[in-house]
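# Structural overview for review
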Amino acid sequence: MPTKNVTDERLGKFKNKGKDPAKLREKRISECVELRKAHKNESFMKRRNVTLSSLPDEDALSPDYSTDAVSVYSIEDIIKDVNDHNKEAQTRGCQAARKLLSQESNPPLKEIIDAGLLSRFVSFLGMNDEPTLQFEAAWALTNIASGTSWHTQQVVESGAVPAFISLLASPMLHISEQAVWALGNIAGDGSASRDILIECNVIPALLARISPDTPVGYLRNLTWTLSNLCRNKNPCPPLSAVLQMLPSLIQLLHLSDKDILSDACWAISYLSDGENERIDVVVKTGIVPRLVELMGHRELSVMTPALRSIGNIVSGSDQQTQAAIDAGVLNILPQVMRHPKASVQKEAAWALSNIAAGPCKQIQQLITCGLLPPLVEQLRNGDFKTQREAVWAVTNFTSGGTVEQVVSLVQSGALEAIINLLQVKDSKVILVILDAVNNVFMAAEKLGEMDKLSLLVEELGGLDRIEMLQNHDNEMIYRAAHNLIEKYFCGNEVEEVKVDSTEDAFEFRTADVPRTFEF
Amino acid sequence: MFITDIRKEFYEVVANQRVALLVASDIDALCACKILQALFHCDQVQYTLVPVTGWQDLSTAFLEHKEQFKYFVLINCGANVDLLEMLQPDDDSVFFICDTHRPVDVVNVYNDTQIKLLIKQDDDLGVPSYDDIFRDEEEEGDDSGNESDEGSEPSGKRRRFDEGAIERRIDRQRAKREWEARRREILFEYEQYEYHGTAASMMFFELAWVLTKDTKDMLWWAVIGLTDQWVHDKITRMKYITDIATMQRHVSRHNHRNEDEENSLSIDCMRISFEYDLRLSLYQHWSLYESICNSCYTSCNFKLWTLNGQKKLQEFLADMGLPLKQVRQKFNSMDMSIKENLRDVIAESSMKYGMKDIRIQTFGVHFGFKNRFLASDMVHATTALLESTEKDESDGDNFIKALDSLSRSNLECLHAGIDQAKKKLMAIQQTVASCICTNLILSQGPFLYCYLMEGTPDVKLFSKPMALALLSKYLLKAFVHSTRNKRCKLLPLIMAAPKDVEKGTVIVVGIPPESETSDKKNFFGRAFEKAAESTSSRTLHDHFDTSIIELKTEDRSKFLDALITLLS
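Residues numbered from 1 in each chain as written. Chains lettered and ligands numbered in written order. Predicted model: local features only at pLDDT ≥ 70, side-chain atom pairs only at ≥ 80, totals over all residues. Heavy atoms only, no water.

### Quick notes on the overall build of chain B
Formally: Counting from the N terminus, the helices are DSSP H or I runs at least four residues long and the strands are E runs at least two residues long. Burial here depends on accessible area, computed with a 1.4 Å probe over protein chains only, as a share of the maximum for the residue type. Under 20% is buried, over 50% is exposed, and the range in between is partly exposed. The contact criterion used throughout is that any non-hydrogen atoms of two residues lie within 4.5 Å. Throughout, the Shrake-Rupley method with a 1.4 Å probe supplies accessible areas, and for residues the shown protein chains are the sole cover considered.
Looking only at helices and strands, chain B has 23 helices and 16 strands in total. In chain B, which comprises 568 residues, the proportion classed as buried is 56%. Nonlocal contacts in chain B, meaning residues at least 24 apart in sequence, comprise 72% of its contacts between residues at least 6 apart. When the accessible surface of chain B is totalled, it reaches about 25,100 Å², and 49% of it is carbon and sulfur.

Here it is in structure tokens:
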């Protein structure tokens, strides 16, 4: 078992370092690993083969210091070497530090910082005649910047930002790419670090590296860094920076690599998460149809941020929502609503609820595109978070829709479904449902079909539930329930309602919903 | 964990404590209980006896007693579920489990503090090794780190690992996945079949022997417990013969011990003897004719539900030279001359009729001069009392009655049980005959299926699990003898009977295919669970045997459909 090999290897290093049998064994083990790699690890190999990144394998990077040497390299040795004047010693120390920082468990971030090595590393970044040293230092700093906010701050304060931005222009692709990575970590730390980078003009320097020849691996890192530059609010990135980045992001969104698409979509989702003016900037680029297309992407990592972006856009103004509708969002939404993953369903239901909040023209499009059946399905069987969004969709629909539209909503089974949901614990959801019920009654009132609706609600078990809710702890629920009973269920209980008469064009019936509830 | 020294790790621990005895409703459990009670009487151990009929019962009993008791002894229940998960006991409750149900839940096997299994390790257990199914949590923690849920927001910062680390991580993840797949496979293999191990009564008899407190009564109870496993078809023939041999050694030892004492001649003496006796149920308490008609072995071999079968039976009796008048009268009143070598005569003629296994190794007992019982007589009688439907008595009352019938001071009770057992055997025989003659057994593809309709005679009797299981066994044997379809002979059987008309439920029993070499392993438990889950049928998996469940009558067809798909 591989884990065993690893422990053996470690034991060997501790106990028998330098001794031949141990080395032989290690060699055997590494051969074993090679063999395993060769035939068992096919998928991983494939991935590595297609990675066109400029980053070379670590072994090829620099003169080989045997692995034994590294593991016994103490922080003290590193400090000594890094502060040495000899370039070779510096490189050796820097690489040892980088290796420690790249190990999986407990990388000594703080120890390296406390040893005061950061400024040395930063100074190495500028040594254009020592590419190996540059690269090792960039990697080490990258990993330190990947730590907590404090770690990242230390990197920024050591003056790494301008050094990395200059390094972006390095003719050696793998060094430039490492700089992209480091800048991504700094940008991902939060608004403040992000804006420091933007102030230092990181964006033009980054965008200059995008060309038709840029390797995919490099572009992935770069897209991720750009997405981090779009990320975080309070404050959100300056508009000018956004405008600088958007054309390139749009360009990236038309590539086919799923990792690039994913990060580019996330970037768009960050940019569209804000005031309507921000959304406008995104919509004006004309990217909405592409985003709608990506909502149907088979990779979850792409469809999720695309859906999020569209969800953000339809939460904007009516015009912005219309742009999404015109791009065909309603055609694809039914299938997304039925996605097996609950988090996707929830996100789709949220988008739907925002479209349902629009003018009745948009509501009509929603009906025409067949969104009511999946909505009712989610109300019935979705997980709770999805149901909550779906309930909002119903309430928005009933408050903005025409009487006819509300009738078709009821006929689709939505009323029955929300009545069944009245037994949930969440007070907010109950209130929203009661609101929807009230809206439906108001529509019925306009049709003069109130009695029929009262009867229907009663048949669906709604009256019992609403009556129960009059005992609810929550004052607002109690009042809403009480009002409904007062207004629509009082007094005429004895009066016979003519159920059969169909004098009016509209009849409140749950069309294909069986009315039997017995067990 | 398994207990290795039953005296030190079990008996001496509970000896000065108050103990709650939770006893399942089967004869072996009753016998084990009797032995343990006798030991507790000897040593003045305080105990409370609680009969439990199913998991719900067990949970309730535990809740009611957990405040007053620290030690719980579970007899023939509790081994095949994760008991701690089910009961959620406090840390200081300790469970001693003596249960024949296999497979033993792995958590029970590897819990060292609260679960003590009084189960022989040399039983064919096949428990997966610890390392194959458990793994230290710690190791798993950091693995998922980089491979966060797909579709969630990307991380703001990323560390660059060296290639080796990534590779190692991927290796580890793959190893973990492989390990998990293997674990699932191992557990599936392990939990796939339900079967039974060494009788609980034999375990406790061994305890008594180790304590040198074993008596003839205890020995007899152990014999009955073992015979119960045979009569109710829980163990293989091989296992039965082996365990009989073990018991025989004890019997010889006891008989030898008392050889020269007056005891063996006194009016209230008890003598256990090894017998190579007839597989004719209750024949010494019935007429030979009725016993032949109502015993599974003879009835199936003659196919007594056919005219031809009846004719063959007459020929058989003629072959033995037994006058009908003798055969039809009470066995006790038969001529001594006939009775003398009756077993040999019957065995000889049986050979001619292809019934070479008419005799089986068993034990008999003499109470004083008059009363003689075979171990299987006791099993039938006690079972009849335990599942009595004659009066509307509670399960608890029946339990006590059945328990009492095992004491030799309560022969009256035992005789009442024998009478009920006869009625039950006749009911089974009639039901088998009518099911076969009216083709009620349907082949559903992967299994045979038979449903007893409401209104069938004696249907109430078969609402009880052991009665229905016994009926299923007899019915399947009869079916195998009567059908010409070779494929059908190899199928298992599912039987359903109305359980509670008011609640609209049926009781469903699944039994493994019938064959001489059957390993008695039953896969229906898992299958029932899966089928119920996939169709969300309203089922109650309350019985300690997972192959016995309750089901809402309306859900029967979808449940069966799911089973067919599952097993095809």
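### Here's the deal with the overall build of chain A
Counting secondary structure elements, chain A contains 33 helices and zero strands. Residues classed as buried in chain A amount to 53% of the 519 residues present. For chain A, the computed accessible surface area is about 23,800 Å², with 51% contributed by carbon and sulfur atoms.

### Considerations on the confidence of the model for chain A
The line we're drawing: Per-residue confidence from the predictor is reported as pLDDT, which spans 0 to 100.
Averaged over all residues, the pLDDT of chain A is 83; the fraction at 70 or higher stands at 81%. The low-confidence segment residues 1-53 of chain A, where pLDDT is below 50, has 45 contacts with residues more than four positions distant or belonging to other chains.

### Here we look at the packing of aromatic side chains
What counts, and what does not: Planes of paired rings set the category: under 30 degrees apart is stacked, over 60 is edge-to-face and the rest tilted, where pairs are Phe, Tyr or Trp rings (Trp by its six-membered ring) whose centres lie within 6.5 Å. Any Lys NZ or Arg CZ that is within 6 Å of a ring centre and within 35 degrees of that ring's normal is treated as a charge sitting over the ring.
Overall, the coordinates contain 31 aromatic pairs over all chains when judged by the stated rule. Residues phenylalanine 72 of chain B and phenylalanine 95 of chain B carry aromatic rings whose centres are separated by 5.4 Å and whose planes lie at 25° to one another, so their mutual orientation is stacked. Highlighted residues: phenylalanine 72 of chain B in strand β3 (residues 71-75) and phenylalanine 95 of chain B in strand β4 (residues 94-98), separated in sequence by 23 residues. Phenylalanine 95 of chain B carries the same exposure label as phenylalanine 72 of chain B, and that label is buried. On the basis of an interplanar angle of 15° and a centroid distance of 4.6 Å, the ring pair of tryptophan 230 of chain B and tyrosine 240 of chain B is categorised as stacked. Of the two residues, tryptophan 230 of chain B is situated in helix α10 (residues 216-231) and tyrosine 240 of chain B in helix α11 (residues 237-257); the sequence distance between them amounts to ten residues. The residues tryptophan 230 of chain B and tyrosine 240 of chain B share a single accessibility class, namely buried. An aromatic cluster is built from Phe10, Tyr11, Phe40, Tyr47, Tyr71, Phe96 and Phe204 of chain B, whose rings are joined through pairwise contacts. Taking NZ or CZ as reference, arginine 158 of chain B lies 5.0 Å from the ring centre of tryptophan 181 of chain A, over its face.

### Here's the deal with the sheet that holds strand β13 (residues 493-500) of chain B
Residue and element names in this part refer to chain B. Counted only if it meets this: Think of it this way: DSSP has to see at least two bridges between two strands before they count as a pair. Each axis is a line fitted through C-alpha atoms, taken for helices only over the stretch in contact, and angles between the N-to-C directions span 0 to 180 degrees.
Taken in spatial order, the six strands of this open sheet run β11-β12-β13-β14-β16-β15, and their pairing is mixed. Only two strands of the sheet have a single neighbouring strand rather than two, namely β11 (442-443) and β15 (539-540). In the sheet, β15 pairs with strand β16 (residues 548-552) via two bridges, with the strands oriented antiparallel. Bridging from a neighbouring strand, leucine 540 pairs with glutamate 550 of β16. Taken strand by strand, helix α22 (residues 524-535) contacts β13, β14 (505-511), β15 and β16, and its axis lies near 140° from that of β14.

### So, the pattern of salt bridges
To keep things clear, this is the line we draw: Think of a salt bridge as a Lys or Arg side-chain nitrogen and an Asp or Glu carboxyl oxygen that are within 4 Å of each other.
Counted under the stated rule, the structure contains 44 salt bridges over all chains. Two residues, aspartate 5 of chain B and lysine 8 of chain B, come together in a salt bridge whose shortest N-O distance is 3.9 Å. As a salt-bridge pair, arginine 343 of chain B and glutamate 275 of chain B come within 2.9 Å of each other at their nearest N and O atoms. Pair noted here: arginine 343 of chain B is in helix α17 (residues 342-352) and glutamate 275 of chain B is in strand β8 (residues 270-278), with a separation of 68 residues, a long-range link. Residue classification places arginine 343 of chain B among the partly exposed positions, given a relative accessible area of 27%. Judged by its relative accessible area of 9%, glutamate 275 of chain B falls in the buried class. Taken together, the salt bridges that share partners define one network made up of Arg220, Asp257, Lys258 and Asp259 of chain A.

### Structural notes on the UniProt feature "repeat: ARM" (unreviewed entry) in chain A
Definition in use: UniProt positions are given in the numbering used here, feature names are shortened, and annotations may be inferred rather than shown by experiment.
On the UniProt side, "repeat: ARM" (unreviewed entry) is annotated at positions that read residues 159-187 and 244-286 of chain A here. From the first C-alpha to the last, residues 159-187 of chain A spans 15 Å; its make-up is 79% helix and 0% strand.

### Some remarks on the side chain of serine 405 of chain B
Residues and elements named next belong to chain B. Which entries qualify depends on this criterion: Each polar contact in these results corresponds to two N or O atoms within 3.5 Å; when the atoms are within protein, one needs to be able to donate a hydrogen and the other to accept it, and residues that are neighboring in sequence are counted only if both atoms are side-chain atoms.
Mapped onto the secondary structure, serine 405 falls in helix α19 (residues 395-405). Reaching out from serine 405, the side chain makes a polar contact with the backbone oxygen of alanine 402 at a distance of 2.7 Å. Non-local contacts of serine 405, meaning those with residues more than four positions away in its chain, are made with Met378, Thr382, Leu385, Asn410, Cys413 and Leu414.

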